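Fold and geometry: a report
Residues per chain are reported as follows:
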Amino acid sequence: MQRSGGASKAVAVGFLVAGLVSCTGQAARQRHYPFQDASRPIAARVEDLLGRMSLPQKIAQMVLVERNTASPEDVGSVGLGGVLSAGGSAPDPNTAANWAQMVDGYQKAALQGPLPVPILYGTDAVHGHNNLVGATLFPHQIGLGATRDPALVQRVEQATAQELAGTGPRWDFAPCVCVVRDARWGRTYESFGEDPRLVTSMGSAAIEGLQGANVLATAKHYLGDGGTTGGTDQGNTQLTEAQLRAIHLPPFRAAVDQNVASVMISYSSWNGAKLHGDRHLIQDVLKGELGFKGFVVSDFDGIQQMDGQRGLTATEVSAAVNAGIDMAMLSDDWRSFIDLLSAEVGKGHVPLARINDAVRRILTQKFRFGLFEHPYTDRSLASTIGSPQHRELARQAVRESAVLLKNDGRVLPLPKTGGKIFVAGDNADDIGNQSGGWSVTWQGHSGPITRGTTILAGIRGAVAGQTTVTYNRGGNGLDSSYRAAIAVVGERPYAEGRGDSPSGVRLADSDTAMLNRLSAAGVPLIVVLVSGRPMDVHEQLPSWRALLAAWLPGTEGEGVADVLFGDYNPTGRLPLSWPATAIQEPMNAGKGRTPLFLNGYGLSF
Ligand code: GLC
């Protein structure tokens, strides 16, 4: 629309005035405080900022809120300390650009608040930036544990940090340094294994990779989450303190020595007492004895469930904060958390010194990781997302994670040329199944959930000459004209407690029936197990020529084919004991049980 001359002059003047006003406003906001001087020591910057904060502003810094329960305006006006994307909590459409816009929107609001304090944006990138469609999904940690290759794990986490930071988040709720002691636990695949020494080695490498790429790491879940009775998620770990310290503490001690930025508290209990309220283990052991200088964060709504009831109470809030929790991960109850904690401080139930200690710890990590100087997304990293280099690294991790458990008559490696090959099984051609839980959504799900290469595609790409590959998901059509049959079976995606399997971990009846049918065809049968943990295979194993544990490889299924066809000589070693029968768990608790395969077992060609 064309404007007349006179009107356009008035508009120009209007813009000029508006510009002057906003500059004045911004100037007020951009007043330069000493804490904004990057040349000053971090401790001095923290003290300067802390000294300018009111009690409400300090308490708001202790709040980490799920993005669906707080707007950027909430974050900016109240001065909340952090925002998170819980499992699968992604912008729509779920693209890198949209992630960056979302995260920067929260950050902008935070910096325009009364005091310019940047938020920490955190999420679970537990095998790559797994909430993002198109990200490289690496093997889950149980597979990384099987590699026994800390240098590889460090590179995997560095790549994860790049893909994460390239979309905005600078805080990763990883690595889980849980020591899994009972594979009936639904979070077994989030562990590096059953041996504290292996978990310590891999956990330290992961923290190095993340924090070396300027992303805050989180050692989780403190303490003993992998040692609950029966492998019950969020259950009860019944151990003496000496046993708890010997099995579950070493990875945290190493993480603290490595200056890990944060530690997340476990939902579980120790001898009946909720970890979220355990002052001895948090304040005395973690912060006192181990000297942890980062900040302690609760698990998601973990404070509200301390008394086993829904809803947040003053007792829970003061117990958790006095136990040493510095930041509360909250969803709907974040406002009541602020009100309750303010009241508890007012009543003297929570000392102001405890509040100051919590906020100091949080601010120290924000200064340490450059959030004040570089609060917004480094969009130059977006080019690393799902990049060929990262996918090649993931493929290498898949190769090294595969554990060869049986290879009768050296049926593997399969020749790339020669007669027809038959492939069967639900997990052969399914990116969702081979990625497992925490993949695009919290629980993960079957199907083409993201870009990647299935194991079947890897097999098709590996064969040469006149060799053809026939795939039938149900295993129908195999006859003696084929030179080999590869069945890719195992588990469907799950996460956390939904994966608990108290009666043991077995193959689905449909898989068992199919495998029986295949082994009756008189063709060498190679079974590839895509699962988050050992499964009870002892009855059928004798009829299989070979068994390869592929764990949950993620998007780069070619790595499995590389082993099957000899492009990689398997080096993987079991990161935990493989029970002889489903009811043998907890396998590694000694008591003279003989596993089917020992922790550390693995064949090569
Ligand atoms: C979950 C998990 C924890 C995760 C958090 C945020 O319930 O226990 O590992 O970091 O919530 O998604």
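Computed from a predicted model, the values in this text were never measured in an experiment.

Taken together, 14 residues lie near the ligand, and D124, R187, K220, H221 and D299 sit nearest. Within the side chain of R187, a nitrogen or oxygen atom sits 2.8 Å from an oxygen atom of the ligand. A distance of 2.8 Å separates an oxygen atom of the ligand from a polar atom in the side chain of K220. Alone, the ligand offers 310 Å² of accessible surface; in the complex the protein occludes 95% of this. Along the lines of polarity and charge, the residues of the shell around the ligand split into 7 nonpolar, 2 polar and 5 charged.

Another aspect to go through is the sheet that holds strand β7 (residues 262-265). The strands that make up a sheet are held in pairs by hydrogen bonds between backbone atoms, and each pair lies either parallel or antiparallel. Overall, parallel pairing links the 3 strands, which are arranged β5-β7-β10 in an open sheet. Unpaired on one side and paired on the other, β5 (218-222) and β10 (295-297) mark the two borders of the sheet. Here the strands of the sheet are splayed against their neighbours by 25 degrees on average, with no regard to which way each runs. In the packing of helix α11 (residues 279-289) onto the sheet, the strands contacted are β5, β7 and β10, and the crossing angle to β5 comes to about 145 degrees.

What follows covers the UniProt feature "domain: Glycoside hydrolase family 3 N-terminal" (unreviewed entry) in the chain. Here, UniProt's "domain: Glycoside hydrolase family 3 N-terminal" (unreviewed entry) annotation points to residues 55-364. Along residues 55-364 one finds 43% helix and 11% strand; the C-alpha atoms at either end are 18 Å apart.

Turning our eyes to something else, we now look at the side chain of N322. Mapped onto the secondary structure, N322 falls in helix α12 (residues 314-323). On the basis of relative accessible area, N322 is assigned to the buried category, the value being 17%. The contacts of N322, once residues within four sequence positions are left out, are R279, Q283, H349, V350, P351 and R354.

Ordered by their spatial adjacency, 3 strands build an open sheet running β6-β8-β9, and the pairing between neighbours is mixed. The sheet terminates laterally at β6 (236-237) and β9 (273-274), the two strands that pair on one side only. In terms of strand pairing, β6 meets strand β8 (residues 269-270) through 2 bridges, oriented parallel. For T237, the partnering residue across the bridge sits in β8 and is W270.

On to the packing of helix α8 (residues 196-212) against helix α10 (residues 250-257). Closest axis-to-axis distance for the α8/α10 pair is 8 Å, and the angle between their directions is 30 degrees. With respect to α10, the axis of α8 lies roughly parallel. Relative to α10, α8 is oriented so that their crossing is right-handed. Residues P196, V199, T200, S204 and I207 of α8 form the contact with α10, whose participating residues are P250, P251, A254 and A255.

With respect to burial, strand β15 (residues 484-490) is a largely interior element, 7 of its 7 residues being buried. Of the two faces of β15, the one holding A484, I486, V488 and G490 and the one holding A485, A487 and V489 are both buried throughout. Bridge count for strand β13 (residues 421-424) against β15 is 4 bridges, and the pairing is parallel. Counted as the bridge partner of V423 is I486 from β15. As judged from the 6 bridges shared by β15 and strand β16 (residues 525-530), these two strands associate in the parallel manner. By the bridge assignment for β16, V489 is matched with L529. Considered for its hand, the β-α-β crossover made up of β15, helix α18 (residues 509-519) and β16 is right-handed.

Moving on to the nonpolar core. Ranked by size, the top nonpolar core spans 114 residues in total, and within it L49, L80, W171, Y222, F337 and L341 carry the most contacts. Among all residues touching L341, those that are not within four sequence positions of it are I59, M62, V317, V321, V350 and I355. Judged by nonpolar contacts, the second largest core, of 73 residues, contains L414, L518, V528 and A549.

What follows concerns the state of the cysteines. Applying the stated criterion across every chain, the model contains 1 disulfide. Between the sulfur of C176 and that of C178 lies a disulfide, 2.4 Å long from S to S. Taking the sign of the torsion about the S-S bond as the criterion, the disulfide between C176 and C178, at about 130 degrees, is right-handed. Comparing C176 with C178, the two get one shared label, buried.

Each neighbour pair has its own omega, and for K220 with H221 the value is -10 degrees, a cis peptide bond. Position of H221 among the secondary structure elements: in strand β5. Along the chain, L412 connects to P413 via a cis peptide bond; the corresponding omega equals 0 degrees. Unusually for a residue other than glycine, R148 sits at a positive phi of about 55 degrees. Residue class for R148 comes out partly exposed when judged on its relative accessible area of 32%. Residues other than glycine seldom take positive phi values, yet E496 does so here, at roughly 55 degrees. Looking at the secondary structure, you find E496 in the loop between β15 and α18.

So, on to the domain arrangement of the chain. Assigned domains of the chain: these are domain 1 (23-374) and domain 2 (386-584). Between the C-alpha centres of domain 1 and domain 2 the distance comes to 35 Å. Summing both sides of the interface, domain 1 and domain 2 together bury roughly 3600 Å²; the carbon and sulfur share of this comes to 57%. Broken down residue by residue, the surface that domain 1 buries against domain 2 is led by L137, R184 and Y189, which jointly contribute 17%. Seen at the junction of domain 1 and domain 2, the total is 1 salt bridge. Among the ionic pairs, E496 bridges to R187, the shortest N-O distance being 3.7 Å. Across the contact surface, domain 1 and domain 2 share 29 residue pairs in polar contact (both at pLDDT 80 or more). For the side of domain 1 that touches domain 2, the elements supplying multiple residues, two or more each, are α6 (141-147) and α7 (150-165).

Running from amino to carboxyl end, α12 crosses helix α13 (residues 334-346) at an angle of 75 degrees, the nearest separation of the two axes being 9 Å. Regarding the angle of α12 to α13, the classification is roughly perpendicular. Residues A314, V317, S318 and V321 of α12 touch α13, and the partners they reach there are F337, L340, L341 and E344. Taken together, the residues of the contact of α12 with α13 sort by class into 6 nonpolar, 1 polar and 1 charged.

Structurally, T218 is set in strand β5. Taking C-alpha positions, T218 is 9.5 Å from F295, a pair spaced 77 residues apart along the chain. In this structure, T218 is in contact with W171, D172, F173, A174, P175, V260, S262, V263, M264 and V297, ignoring residues within four places of it in sequence. Within the structure, T218 has its side chain in polar contact with the side chain of W171 (distance 2.8 Å). Reaching out from T218, the side chain makes a polar contact with the side chain of S262 at a distance of 2.9 Å.

About the thresholds
- Residues numbered from 1 in each chain as written.
- Predicted model: local features only at pLDDT ≥ 70, side-chain atom pairs only at ≥ 80, totals over all residues.
- Heavy atoms only, no water.
- Near = heavy atom within 4 Å.
- Polar contact = N/O pair within 3.5 Å; in protein donor to acceptor, adjacent residues only side chain to side chain.
- Areas by Shrake-Rupley, 256 points an atom, 1.4 Å probe, with all protein chains shown as cover.
- Nonpolar A, V, L, I, M, F, W, Y, C, P; charged D, E, K, R; others polar.
- Pairing = 2+ DSSP bridges.
- Helix = DSSP H or I, 4+ residues; strand = E, 2+ residues; numbered from the N terminus.
- Axes fitted to C-alpha atoms, helices over the stretch in contact; angles between N-to-C directions.
- Contact = heavy atoms within 4.5 Å.
- UniProt positions renumbered as here; feature names shortened; annotations may be inferred.
- Buried < 20%, exposed > 50% of the residue type's maximum accessible area, 1.4 Å probe, protein only.
- Parallel < 35°, antiparallel > 145°, perpendicular 65-115°, else oblique.
- Left-handed = near helix turned anticlockwise from the far one by under 90°.
- Right-handed = clockwise from strand over helix to strand, strands pointing away.
- Core = buried A, V, L, I, M, F, W, Y, C linked by side-chain atoms within 4.5 Å.
- Disulfide = S-S within 2.5 Å.
- Domains from an automatic or database assignment.
- Buried area = accessible area lost by both parts, 1.4 Å probe.
- Salt bridge = Lys/Arg side-chain N within 4 Å of Asp/Glu carboxyl O.

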